[in-house]
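Fold and geometry: a report
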Amino acid sequence: MTAPNTPAEPNEPVTAPTEAPDAPPAGAVVKKRHFRRTRAFFAPVGRLLGKIPHPPWRSKRGILIILLLFAGFGSVATMGGVAAVSFSETPGFCGM
C-alpha cells in the first residue's frame, strides 16, 4: 500500500488512499495458492513421478496398486522394526 497523503499545512487533515493499488476488481473471484513453498519443494519429485506410466489413481487398478504399495512399505517397516527390537534384546547390543 502507499503511504497516506501528507498535509501541506499543519492544519490540513491527513487523508488515506481510498483504494489499494493491488486490490482485485470488485466481484472477482481470487484463487488462493495454498502451500506454495511446500509445492515448490516437492516439485522435482512430482515431475519425476509424472514420467512413470501408471493407471489413473481412481480406477480399480490404480486403487489396487496404491493398496499394494502401502502394504509393501508397511511390511518392510514392520520387518525392520522387528529386526531392530530383536537385536536390541541381545547381549551383543548391550556391549556396544
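Overview of the overall build of the protein
Helices and strands together make up the secondary structure of the protein, namely four helices and zero strands. Beginning at the N terminus, the succession of helices and strands in the protein can be written as α-α-α-α. A burial count over the protein gives 2% of its 96 residues as buried. Accessible surface computed for the protein: about 9,300 Å², of which carbon and sulfur atoms make up 67%.

Things to note about a positive patch on the surface
A contiguous patch of positive charge on the surface is contributed by Lys31, Arg33, Arg36, Arg37 and Arg39. Of note, Arg37 is situated in helix α1 (residues 36–41). Of the residues examined, Arg37 reaches a relative accessible area of 77% and is grouped as exposed.

Quick notes on the packing of aromatic side chains
A full pass over the atoms with the stated rule returns two aromatic pairs. Aromatic side chains Phe41 and Phe42 sit 5.0 Å apart centroid to centroid with 80 degrees between the ring planes, which places their arrangement in the edge-to-face category. Given a relative accessible area of 62%, Phe41 falls into the exposed group. On the basis of relative accessible area, Phe42 is assigned to the partly exposed category, the value being 47%. The interplanar angle of 80 degrees and the centroid separation of 5.7 Å between the aromatic rings of Phe87 and Phe93 together place this pair among those described as edge-to-face. Accessibility expressed as a relative area gives 40% for Phe87, which makes it partly exposed.

Cut-offs used in this document
Residues numbered from 1 in each chain as written. Predicted model: local features only at pLDDT ≥ 70, side-chain atom pairs only at ≥ 80, totals over all residues. Heavy atoms only, no water. Helix = DSSP H or I, 4+ residues; strand = E, 2+ residues; numbered from the N terminus. Buried < 20%, exposed > 50% of the residue type's maximum accessible area, 1.4 Å probe, protein only. Areas by Shrake-Rupley, 256 points an atom, 1.4 Å probe, with all protein chains shown as cover. Patch = residues over 30% accessible without salt bridge, like charges linked within 9 Å, V, L, I, M, F, W, Y side chains within 5 Å. Salt bridge = Lys/Arg side-chain N within 4 Å of Asp/Glu carboxyl O. Lys, Arg positive; Asp, Glu negative; His and termini not counted. Charge placed at Lys NZ, Arg CZ, Asp CG, Glu CD. Phe/Tyr/Trp six-rings, centres within 6.5 Å; stacked < 30°, edge-to-face > 60°.

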